[in-house]
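What the coordinates show
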Amino acid sequence: MKFVSTRGTGEPVGFFEAFANGLAPDGGLYVPEYTPLLPSDLLIDEALPYPALAWDFLTLFDSDHDAEDLISLVDKSYGDFSDTMSAPLTQLSANLYVLELFHGPTLAFKDFGLQLVGNLFEEQIKRTGETINVLGATSGDTGSAAIHGLAGREGVNVFILYPKGRISKLQERQMTCTGAKNIFPIPIEGTFDDAQRIVKELMGDLDLKEKLRLSAVNSINIARILAQSIYYVHAFMQLAPDDRHNVNFVVPTGNFGNVFAGWLAYKMGLPVDRFVVATNQNDILYRLFTTGEYSESEDVSPSFAPSMDIQVASNFERFLYFHSDQDGDKTTELMAKIKTEGSLEIPNFDPDIFTATRSDDAEILANISRVKEEFDYTVDPHTACGFQDIDPNQTTIVLATAHPAKFPEVIKKATGEAVTEDSLEALKKKRQKRHNLKATPAAIQAFIEKNSA
Ligand SMILES: *Cc1c(COP(=O)(O)O)cnc(C)c1O
């Protein structure tokens, strides 16, 4: 399998190169050159162990690893998730299920992508003999998942910027308490956007990027998307055979990454009736699927579901490419229009398979409390967006993107109860290590130079 850029230029590349590049050289995102079909036994059989399914899936896209190396890669990535099912499907009522994606080391779904990414970086360092400095900015979950995917590995140091005082205390502890020598959490004054701007400036200087051997772990990496498609198949396989029809997946999302991964599985033959795109008050995707217009908002409005507080749905370009019949020129033209005008009326937009919901903070609280009362089940504020306007006549699977104990204040507010989780409690006793730096590219650059892998 080869991967091509959504902007249509450049030679197709293999899995290793698409992974290592992240962004394609023409500024586009990598997509598979064609869509392989899921092996039909996956749609009939009982659920496989997660690593076995991951192998069956990834082998369709990855022609660079030999079979045995791919087995070892998926075992290393998913073998020790705390629940052996890795993504268990929990039934709440006759036709309502929750897919729990929070059993990885940092208790959010990003572990699925970033555990794999961590192992891929390790292989890349062995293969090329070149060390790597990973640089990223986070509003919480991505940074901690990346750190846990890479902590303690040889040949890679990890520098993660985050806005001081603006991520949850537990999210901060997940980054600062690893005890690993190769991890450098960097709180800066300002917002997530300020942190992101510094990262973009340093990464945008191609000479510097090469000199410091900088790599990114951002959500547009095709390896992360493929890793996320797998759990949609896994969810389907856990349904009883009689229930495997008219399935709705409800996906709490901000940048369209998670829901695009599901849509890819659908294109590969997974029988899905509908994807419900569940946003918080930062509702660019809700507005898109209800009006056909993609229009970026001026500001991010901080919500109870902070990992979905975004202005730009960066993975949407992949969908736009397929919507444009895989025409790179057309996609380039549409993306340019978004860039200059800040908005785009999508031509011939008929989102048959997508619907959308939106939850403001009051609705997030109400959903947490209602789900608790009705089903005696606690959902985190992101997952709570998925419980908005559920169609009672459909088999519905809501993706639970984080463990509720990561957001104890909001849960307390909604239900009056405290939620805890052992690994998070243990963090409270550990020493924090972080590096307060000035929020300038020069200060960050000097720090990386001094602490480079
Ligand atoms: C990152 C994140 C999301 C949003 O994911 P997308 O990539 O925007 O689809 C939702 N919930 C949680 C808990 C997250 O960490």
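The structure reproduced in this document is the subject of the present report. (Residues numbered from 1 in each chain as written. Predicted model: local features only at pLDDT ≥ 70, side-chain atom pairs only at ≥ 80, totals over all residues. Heavy atoms only, no water.)

**Quick look at the sheet that holds strand 4 (residues 96–100)**
Taken in spatial order, the six strands make up an open sheet running 3-4-14-9-10-13, and their pairing is mixed. Each edge of the sheet is formed by a strand with only one pairing partner; in this case those strands are strand 3 (89–93) and strand 13 (354–358). Put simply, the sheet's adjacent strands are angled 25° from each other on average, direction ignored. Of the strand pairs in this sheet, strand 10 (residues 274–279) and strand 13 are connected by five bridges, and their pairing is parallel. Considered in strand 13, the bridge of Val-277 is made with Ala-356. Packed on one face of the sheet, helix 11 (residues 257–267) meets strand 9 (247–252), strand 10, strand 13 and strand 14 (395–400) and runs near 175° to strand 10. (Pairing = 2+ DSSP bridges. Helix = DSSP H or I, 4+ residues; strand = E, 2+ residues; numbered from the N terminus. Axes fitted to C-alpha atoms, helices over the stretch in contact; angles between N-to-C directions. Contact = heavy atoms within 4.5 Å.)

**Regarding the side chain of His-382**
Here His-382 shows up in helix 16 (residues 381–385). Judged by its relative accessible area of 2%, His-382 falls in the buried class. In contact with His-382, other than residues within four places in its own chain, are Pro-252, Ala-305, Pro-306, Ser-307, Met-308, Thr-401 and Phe-407. (Buried < 20%, exposed > 50% of the residue type's maximum accessible area, 1.4 Å probe, protein only.)

**A word on helix 8 (residues 192–204)**
Look at helix 8: 18 Å from first C-alpha to last across 13 residues, which is about the 18 Å you get at 1.5 Å a residue. Considered for burial, the residues of helix 8 that qualify are Ala-195, Ile-198, Val-199, Leu-202 and Met-203. Angularly, the buried residues of helix 8 cover 125° about the axis, an arc narrow enough to put them on a single face. Turned more than 90 degrees away from the buried face of helix 8 sit Arg-197, Lys-200, Glu-201 and Gly-204, all of them exposed. Where helix 8 begins, one side-chain oxygen reaches toward the backbone nitrogen of Asp-193, 3.3 Å away; that side chain belongs to Thr-191. (Expected span 1.5 Å × (residues − 1). Arc of directions from axis to C-beta. Polar contact = N/O pair within 3.5 Å; in protein donor to acceptor, adjacent residues only side chain to side chain.)

**Section: the environment of Gly-416**
Along the polypeptide, Gly-416 turns up in the loop between helix 17 (408–415) and helix 18 (422–427). A relative accessible area of 48% means that Gly-416 is categorised as partly exposed. Taking the C-alpha atoms as reference points, Gly-416 and Ala-426, separated by ten residues in sequence, lie 23 Å from one another.

**Observations regarding the packing of aromatic side chains**
Applying the stated criterion across every chain yields a total of 30 aromatic pairs. Ring centres of Phe-319 and Phe-354 lie 5.2 Å apart, and the angle between their planes is 90°; this geometry places the pair in the edge-to-face category. Of the two residues, Phe-319 sits in helix 13 (residues 316–323) while Phe-354 sits in strand 13, which places them 35 residues apart along the sequence. The same class applies to Phe-319 as to Phe-354, namely buried. The side chain of Arg-127 reaches across the aromatic face of Phe-16, ending 3.7 Å from its centre. Between the NZ or CZ atom of Lys-433 and the centre of the ring of Phe-184, over which it lies, the distance is 5.5 Å. (Phe/Tyr/Trp six-rings, centres within 6.5 Å; stacked < 30°, edge-to-face > 60°. Lys NZ or Arg CZ within 6 Å of the ring centre and 35° of its normal.)

**Remarks on the side chain of His-435**
Tracing the backbone shows His-435 in the loop between helix 18 and helix 19 (441–450). Using a relative accessible area of 18% as the deciding quantity, one classes His-435 as buried.

**Here we look at the packing of helix 11 against helix 13**
Packed helices, taken two at a time, are described by their axes: the angle between them and the distance between them. Across the interface, helix 11 lies against helix 13 with an axial gap of 10 Å and an inter-helix angle of 30°. Judged by the inter-axis angle, helix 11 sits roughly parallel to helix 13. Contact residues: Phe-260, Trp-263 and Lys-267 in helix 11; Arg-318, Phe-319 and Phe-322 in helix 13. (Parallel < 35°, antiparallel > 145°, perpendicular 65-115°, else oblique.)

**Some details on unusual backbone geometry**
Of note, the phi angle at Phe-256 is positive, near 75°, even though the residue is not glycine. Note that Phe-256 resides in the loop between strand 9 and helix 11. One non-glycine residue, Asp-376, adopts positive backbone phi at about 50°. Its place among the elements puts Asp-376 in the loop between helix 15 (361–375) and helix 16.

**Describing the sheet that holds strand 8 (residues 214–215)**
Pairing is parallel in the open sheet, where four strands are placed in the order 7-6-5-8. Bordering the open sheet on either side are strand 7 (183–188) and strand 8, each of which pairs with just one other strand. Relative to strand 8, strand 5 (residues 132–137) runs parallel, the two sharing two bridges. From the neighbouring strand, Val-134 faces strand 8, where its bridge partner is Ser-215. Across the sheet, helix 5 (residues 110–128) lies against strand 5, strand 6 (156–163) and strand 8, angled at about 150° from strand 5, the strand it touches most. Along the sheet face, helix 7 (residues 169–176) touches strand 6 and strand 7 and points at about 160° away from the line of strand 6.

**Some remarks on helix 12 (residues 284–291)**
Within the sequence span of helix 12, burial applies to Ile-284, Leu-285, Leu-288 and Phe-289. Relative to the axis of helix 12, the buried residues are bounded by an arc of 125° and lie together on one face. On its buried face, helix 12 is in contact with strand 10, strand 11 (293–295), helix 13 and strand 13. Of the residues trailing helix 12, Gly-292 is marked for its positive phi of about 80°.

**Considerations on the site of the ligand**
Near the ligand, the surroundings consist of 14 residues, among which Lys-110, Asp-141, Thr-253, Asn-255 and Thr-401 are the closest. Take Thr-253: an N or O atom from its side chain is 2.6 Å from an oxygen atom of the ligand. Here a nitrogen atom of the ligand and a side-chain polar atom of Thr-401 are 2.9 Å apart. Within the complex, 96% of the 380 Å² of free accessible area of the ligand lies under protein. (Near = heavy atom within 4 Å. Areas by Shrake-Rupley, 256 points an atom, 1.4 Å probe, with all protein chains shown as cover.)

**Brief notes about a negative patch on the surface**
There is a patch of like negative charges on the surface, built from Glu-130, Glu-201, Asp-205, Asp-207 and Glu-210. Its place among the elements puts Glu-210 in helix 9 (residues 206–211). The class for Glu-210 is exposed, based on a relative accessible area of 64%. (Patch = residues over 30% accessible without salt bridge, like charges linked within 9 Å, V, L, I, M, F, W, Y side chains within 5 Å. Salt bridge = Lys/Arg side-chain N within 4 Å of Asp/Glu carboxyl O. Lys, Arg positive; Asp, Glu negative; His and termini not counted. Charge placed at Lys NZ, Arg CZ, Asp CG, Glu CD.)

Read these as layout, nothing more, since geometry by itself doesn't imply function.
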